[in-house]
Amino acid sequence: MKLRAIMLSLLALSSMTASVHAEEAADYPSKKIKMLLPFGAGGGGDVLGRLLADRMGKRLGQTIYVENRTGAAGTIGAQQAATSPPDGYTITIGGMTTHVLAPAVYPSLPYDPLKDFTTIGRIGTSSILLIATKDFPASDLRGLTELSKKGEPIQYGSWGVGSTGHFCGEILSQKAGIRLQHVPFSGAAKLANDLMGGHISVGLVDMATGTPLVRDGRLKALAVCGGRSPSLPEVASYKDQGVDFERSLSWVMYAPAGVPDPIAQKIAGALKESLTEADIAEKLLALGISAEFIAGNQQRDINARDIEAWKKVASDAKIEVK
């Protein structure tokens, strides 16, 4: 009898919890939502976040405001998002660096990219763009290889140690035999500005940051790391140019772990519906991102597989943040 009473009490408690969550979801959102971005203002990730904040806010009937928190290739902002209250009023966007590559290179990462987040859904896929100043003497990987054999290693910038850009540079160095020296920057926007200012000649940035700069002729593209991008279809990929590497790179929306499922589904619905709008898909493509919604649970499983695959890449490339 005691066991039956305990079971009935647990069932009642579960029912009450579900009822509370349903009521919370019905009222959600009742105040402004913060989109905490681990990207610097003005960079591609920031532009992406602000675009989605505006459109999703309209669908949810509440303002979504953006707060930038940069540092350590985005992991500082990701940690802050992970430790925010799980009430649906803090959401974030993660790239490959914060949620897939960081576990592969940071031995003491202050958050678990799987356990500490509610995965809302995939926003889309993109690649990483290898760009250079307009007067840089090479225009493709072959030219870059030949140039690297003539003197000192070629310096290239990325938006941080352990970033996707850093990975793409080290992979290129190892697989193509190009002598490269990594220079970390405090964000993709800062790197792009220094490239345009001639302070560094070569860099790897996300497509969202680099695509507009290549399209208007301020910088030139040498290659894309990942699949050939529909936003710059004329730019050959690593694989197209003989470097055996091609992996999908995703942008994903997250919230802290423990957000009630009805609220998480409401946010996911606003994201999915926003991505189906023709003008949003067009604007994302202009940033080098192919819109593609994938549900949170499915994307979480993809992340888990990708983390293990990229750990091997990190080990082979000897990339580690100490």
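Located above this text is the structure these notes cover.
Residues numbered from 1 in each chain as written. Predicted model: local features only at pLDDT ≥ 70, side-chain atom pairs only at ≥ 80, totals over all residues. Heavy atoms only, no water.

Draft legend 1. Structural context of the nonpolar core. Formed by 49 residues in total, the largest nonpolar core has its most connected members in Leu130, Leu144, Phe167, Leu172, Tyr238 and Trp310. Of all the elements, helix α4 (residues 96-105) adds the most residues to this core, at six residues. Excluding anything up to four places from it in sequence, Tyr238 contacts Leu141, Cys168, Gly169, Leu172, Leu204, Ala223, Val224, Cys225, Val243 and Phe245. (Core = buried A, V, L, I, M, F, W, Y, C linked by side-chain atoms within 4.5 Å. Buried < 20%, exposed > 50% of the residue type's maximum accessible area, 1.4 Å probe, protein only. Helix = DSSP H or I, 4+ residues; strand = E, 2+ residues; numbered from the N terminus. Contact = heavy atoms within 4.5 Å.)

Draft legend 2. The arrangement of the sheet that holds strand β1 (residues 33-37) in detail. The sheet built from six strands is open, its strands ordered β2-β1-β3-β10-β4-β11 with mixed pairing. A strand with exactly one partner marks an edge of an open sheet, and here the two such strands are β2 (64-68) and β11 (290-291). Judged from the five bridges that link them, β1 and β2 form a sheet pairing that is parallel. In the strand pairing of β2, Lys34 is matched with Tyr65. Relative to β1, helix α3 (residues 75-82) is tilted by about 150°, and along the sheet it contacts β1, β2, β3 (90-94), β4 (117-126) and β10 (249-256). Across the sheet, helix α9 (residues 261-275) touches β3, β4, β10 and β11, and the angle it forms with β4 is around 10°. (Pairing = 2+ DSSP bridges. Axes fitted to C-alpha atoms, helices over the stretch in contact; angles between N-to-C directions.)

Draft legend 3. Seen up close, the packing of α4 against helix α11 (residues 296-317). Between α4 and α11, whose axes approach to 8 Å, the crossing angle comes to 50°. Regarding the angle of α4 to α11, the classification is oblique. Our pair here, α4 against α11, has a crossing hand that is right-handed. Between α4, through Met96, His99, Val100, Leu101, Pro103, Ala104 and Val105, and α11, the contact on the second element is made entirely by Asn303, Asp306, Ile307, Trp310, Lys311 and Ala314. Taken together, the residues of the contact of α4 with α11 break down into nine nonpolar, two polar and two charged. (Parallel < 35°, antiparallel > 145°, perpendicular 65-115°, else oblique. Left-handed = near helix turned anticlockwise from the far one by under 90°. Nonpolar A, V, L, I, M, F, W, Y, C, P; charged D, E, K, R; others polar.)

Draft legend 4. Structural view of helix α2 (residues 44-60). Compared with the 24 Å implied by 1.5 Å per residue over 17 residues, the 24 Å span of α2 between its first and last C-alpha is a close match. Burial of α2 is extensive: twelve of the 17 residues sit out of reach of the surface. Residues Gly44, Gly45, Asp46, Leu48, Gly49, Leu51, Leu52, Ala53, Arg55, Met56, Gly57 and Leu60 constitute the buried set of α2. (Expected span 1.5 Å × (residues − 1).)

Draft legend 5. Representation of the side chain of Thr209 within the structure. Examined against the element boundaries, Thr209 turns out to sit in helix α8 (residues 207-215). The exposure class assigned to Thr209 is buried, which follows from its relative accessible area of 8%. Not counting chain neighbours up to four residues away, the residues in contact with Thr209 comprise Gly43, Gly44, Ala188 and Ala192.

Draft legend 6. Examining the pairing of strand β5 (residues 128-132) more closely. In terms of burial, β5 is a largely internal element, five of the five residues being buried. The two faces of β5 match: Ile128, Leu130 and Ala132 on one face and Leu129 and Ile131 on the other face are all buried. As paired strands, β5 and strand β9 (residues 220-225) are joined by five bridges and run antiparallel to one another. Residue pairing in the sheet places Ile131 in a bridge with Ala221 of β9.

Draft legend 7. Inspection of the side chain of Thr133 at higher detail. Structurally, the position occupied by Thr133 is in the loop between β5 and α5 (141-148). Of note is the side chain of Thr133, whose polar atom sits 3.0 Å from the side chain of Asp135. (Polar contact = N/O pair within 3.5 Å; in protein donor to acceptor, adjacent residues only side chain to side chain.)

Draft legend 8. Examining the state of the cysteines more closely. Summed over all chains, the structure comprises one disulfide. Residue Cys168 pairs covalently with Cys225 via a disulfide, S to S 2.2 Å. Taking the torsion about the sulfur-sulfur bond, which here is approximately -75°, the covalent link between Cys168 and Cys225 counts as left-handed. Note that Cys168 is positioned in helix α6 (residues 164-176) and Cys225 in strand β9, a separation of 57 residues in sequence. Like Cys168, the residue Cys225 is buried in the burial classification. (Disulfide = S-S within 2.5 Å.)

Draft legend 9. Inspection of α11 at higher detail. Along its 22 residues, α11 runs 30 Å from first to last C-alpha, staying within 8% of the 32 Å computed at 1.5 Å per residue. Burial in α11 covers these residues: Gly296, Gln299, Ile302, Asn303, Asp306, Ile307, Trp310, Val313, Ala314 and Ala317. With its buried residues spanning 155° around the axis, α11 presents them on a single face. Away from the buried face of α11 by more than 90 degrees, exposed residues Asn297, Arg305, Lys312 and Ser315 are located. If you follow the buried residues of α11, they end up packed against α4, β4, α6 and β10. Phi for Lys318, located one or two positions after α11, is positive at around 55°. (Arc of directions from axis to C-beta.)

Draft legend 10. Structural detail: the pattern of salt bridges. Summed over the entire model, instances satisfying the criterion amount to 13 salt bridges. Salt-bridge contacts for Asp54 lead to Lys58; the nearest nitrogen and oxygen are separated by 3.5 Å. You can see Asp54 and its partner Lys58 sitting in helix α2, four residues apart, about one turn around the helix. Salt-bridge contacts for Asp279 lead to Arg55; the nearest nitrogen and oxygen are separated by 3.1 Å. Note that Asp279 is positioned in helix α10 (residues 278-286) and Arg55 in helix α2, a separation of 224 residues in sequence. Each of Arg55, Arg59, Glu273, Glu277 and Asp279 takes part in salt bridges that share partners, so that together they form one network. (Salt bridge = Lys/Arg side-chain N within 4 Å of Asp/Glu carboxyl O.)

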